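Given next are the chains, with one letter for each unit.
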Amino acid sequence: AALSSETISLRDASWIWHPASRSDNAKVVVKTRFSLKAKPEKACIAFSCDNFARVKINGVEIAKQSNGRDDWRVPTTVWNIAKVLRKGTNTVEAECGNNSDGYAGFIAAIQYEVNGVQKTIFTNGDDWTASKDSGAFAKPSVLGKYGASPWGRFADDIRRPIVRMRESPSVPAYESVWISAQEA
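Residues numbered from 1 in each chain as written. Predicted model: local features only at pLDDT ≥ 70, side-chain atom pairs only at ≥ 80, totals over all residues. Heavy atoms only, no water.

Asker: Please give an account of the sheet that holds strand β6 (residues 60-65) that cites residues and values.
Answerer: What the 5 strands build is an open sheet, ordered β6-β5-β8-β3-β11; its pairing is antiparallel. Since the sheet does not close on itself, it has two edges, and those belong to β6 and β11 (128-132), each with one partner. Going across the sheet, the axis of each strand differs from the next one's by a mean of 20°, ignoring polarity. Sheet topology places strand β3 (residues 27-36) next to β11; 5 bridges connect them, and they run antiparallel. Its bridge partner being in β11, valine 28 is matched across the sheet by lysine 132. (Pairing = 2+ DSSP bridges. Helix = DSSP H or I, 4+ residues; strand = E, 2+ residues; numbered from the N terminus. Axes fitted to C-alpha atoms, helices over the stretch in contact; angles between N-to-C directions.)

Asker: Outline the packing of aromatic side chains, listing residues and values.
Answerer: Counted under the stated rule, the structure contains 9 aromatic pairs. Taking 6.0 Å as the distance between ring centres and 15° as the angle between the ring planes, the aromatic pair formed by phenylalanine 34 and tyrosine 112 counts as stacked. Of this pair, phenylalanine 34 sits in strand β3 while tyrosine 112 sits in strand β9 (residues 105-114), and the two are 78 residues apart along the sequence. Each member of the pair, phenylalanine 34 together with tyrosine 112, is buried. Between tyrosine 103 and tryptophan 151, the ring centres sit 6.2 Å apart and the planes meet at 70°, which makes this aromatic pair edge-to-face. With tyrosine 103 in the loop between β8 (88-97) and β9 and tryptophan 151 in the loop between β12 (141-145) and β13 (158-159), the pair connects residues that are 48 residues apart, well separated along the chain. Taking relative accessible area as the criterion, tyrosine 103 reaches 44% and is therefore assigned partly exposed. (Phe/Tyr/Trp six-rings, centres within 6.5 Å; stacked < 30°, edge-to-face > 60°. Buried < 20%, exposed > 50% of the residue type's maximum accessible area, 1.4 Å probe, protein only.)

Scope: geometric values only; no functional claims are made or implied.
Printed below as a string of structure tokens:
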């Protein structure tokens with residue numbers, strides 16, 4: 001599907017975490033580097049972390065996921081990250097944490113389009129590294145593909161909300177009301 005369809009999926013991603021830290025309230029950083037032949041026209045990211053994460057691209061913080069017990073069930077999605085991506089090497093880094101004795105994991109998909117060709121980068125054990133409590137980076141543990149227990153399937157296709165304008169008799173003509181497609 002073209003990025004212009006405004007849909008991203010975690011279906012081909014895997015949950016990853018530091019190999020020595022499954023559920024011990026640790027702070028973990030996961031990161032990947034990838035190279036682009038040109039600056040992308042369009043790009044987006046969707047991620048989730050059990051329990052919380054702060055994501056940076058090329059050193060610029062683009063999003064945070066709060067640390068509520070089940071906030072991971074609603075992926076954080078940023079639809080316009082093209083402005084922080086560049087031609088050449090790019091780094092995506094997630095500062096993650098687990099604030100309970102339960103499971104811990106991070107999952108993400110980064111989708112971009114260069115010269116009309118769409119590509120997606122998923123979390124996996126091959127192209128990502130992980131560090132625990134500011135230690136050395138190592139190959140992360142792959143905890144399971146998207147849909148694996150205990151997380152299950154929660155975001156097969158994430159669609160960009162459609163925002164459109166409509167006329168409203170209660171609003172003067174020089175103003176506008178923005179509503180989402182669900183409210184229309």
